[in-house]
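What the coordinates show
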Amino acid sequence: MRWVGSVRESLALLESLGITLPTPAYLFGALAFGIIGMVLFWKGRRRRNMQVKWIGVVLMLYPYVVWGTVMVYAVGSLLCGAAMWYWKRCSVPMSDA
């Protein structure tokens, strides 16, 4: 079982350098907010709502910058709330072209 030993040694080395693997809750939040961001980008672009479109881009990219499960959910929730506010307030009706 040399492979298992090398994985454990690699994890121990990473932890000694201060690098930890993300938790499943972090991964789920990053994936969920990334999907929401993709949908907001598509819908914002289609409805010509620039604020919603760019919030969608930020939702897709911010998990690469924010470290910590609580921060992922806090920032994602705030961005989703902002997108909902802009969606309701600044939405332009779609034309049938």
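Conventions used here
- Residues numbered from 1 in each chain as written.
- Predicted model: local features only at pLDDT ≥ 70, side-chain atom pairs only at ≥ 80, totals over all residues.
- Heavy atoms only, no water.
- Core = buried A, V, L, I, M, F, W, Y, C linked by side-chain atoms within 4.5 Å.
- Buried < 20%, exposed > 50% of the residue type's maximum accessible area, 1.4 Å probe, protein only.
- Helix = DSSP H or I, 4+ residues; strand = E, 2+ residues; numbered from the N terminus.
- Contact = heavy atoms within 4.5 Å.
- Axes fitted to C-alpha atoms, helices over the stretch in contact; angles between N-to-C directions.
- Parallel < 35°, antiparallel > 145°, perpendicular 65-115°, else oblique.
- Left-handed = near helix turned anticlockwise from the far one by under 90°.
- Nonpolar A, V, L, I, M, F, W, Y, C, P; charged D, E, K, R; others polar.
- 1 Å grid on protein atoms, 1.4 Å probe; cavity = no way out; pocket = protein on both sides within 12 Å on 5 of 7 lines; lining within 4 Å.
- Points joined across faces, edges and corners; volume = space filled by probe spheres on them.
- Phe/Tyr/Trp six-rings, centres within 6.5 Å; stacked < 30°, edge-to-face > 60°.

Glancing now at the nonpolar core. Counting residues in each nonpolar core, the largest one holds eleven residues, listed as Tyr 26, Phe 33, Leu 40, Val 52, Ile 55, Leu 59, Tyr 62, Val 66, Val 72, Leu 79 and Ala 83. Residue assignment for this core shows that the elements contributing at least two residues are α2 (24-46), α3 (50-61) and α4 (69-89). The residues touching Ala 83, leaving out its near neighbours within four places in the chain, are Leu 40, Val 52 and Ile 55.

Time to look at the packing of α3 against α4. Two packed helices can be described by the angle between their axes and the distance between those axes. Running from N to C, α3 and α4 cross one another at 165 degrees; their axes reach a closest spacing of 9 Å. Judged by the angle between their axes, α3 and α4 are roughly antiparallel. Pair α3 / α4 crosses with left-handed handedness. Residues Gln 51, Val 52, Ile 55, Val 58 and Leu 59 of α3 touch α4, and the partners they reach there are Gly 76, Leu 79, Cys 80, Ala 82, Ala 83, Tyr 86 and Trp 87. Partitioning the contact of α3 with α4 into residue classes produces ten nonpolar, two polar and no charged.

In this section: the layout of surface pockets. A water-sized probe rolled over the atoms picks out the places where empty space is left. Volume-wise, the largest pocket comes out at about 170 Å³. Within the lining of the largest pocket, the residues separate by chemical class into ten nonpolar, one polar and no charged.

Once that is clear, we can look at the packing of aromatic side chains. Tallied over the entire structure, the rule returns four aromatic pairs. Aromatic pair Tyr 26 and Trp 67: ring centres 6.1 Å apart, planes at 10 degrees, arrangement stacked. Taken together, the positions of Tyr 26 in helix α2 and Trp 67 in the loop between α3 and α4 put the pair 41 residues apart, joining distant regions of the chain. Using a relative accessible area of 64% as the deciding quantity, one classes Trp 67 as exposed. Ring geometry for Phe 33 and Tyr 62: centres 6.4 Å apart, planes at 55 degrees, overall tilted. Separated by 29 residues along the polypeptide, Phe 33 in helix α2 and Tyr 62 in the loop between α3 and α4 bring together distant segments of the chain. Taken together, the ring pairs connect Phe 33, Tyr 62 and Tyr 73 into an aromatic cluster.

Worth remembering: the numbers are spatial, not functional.
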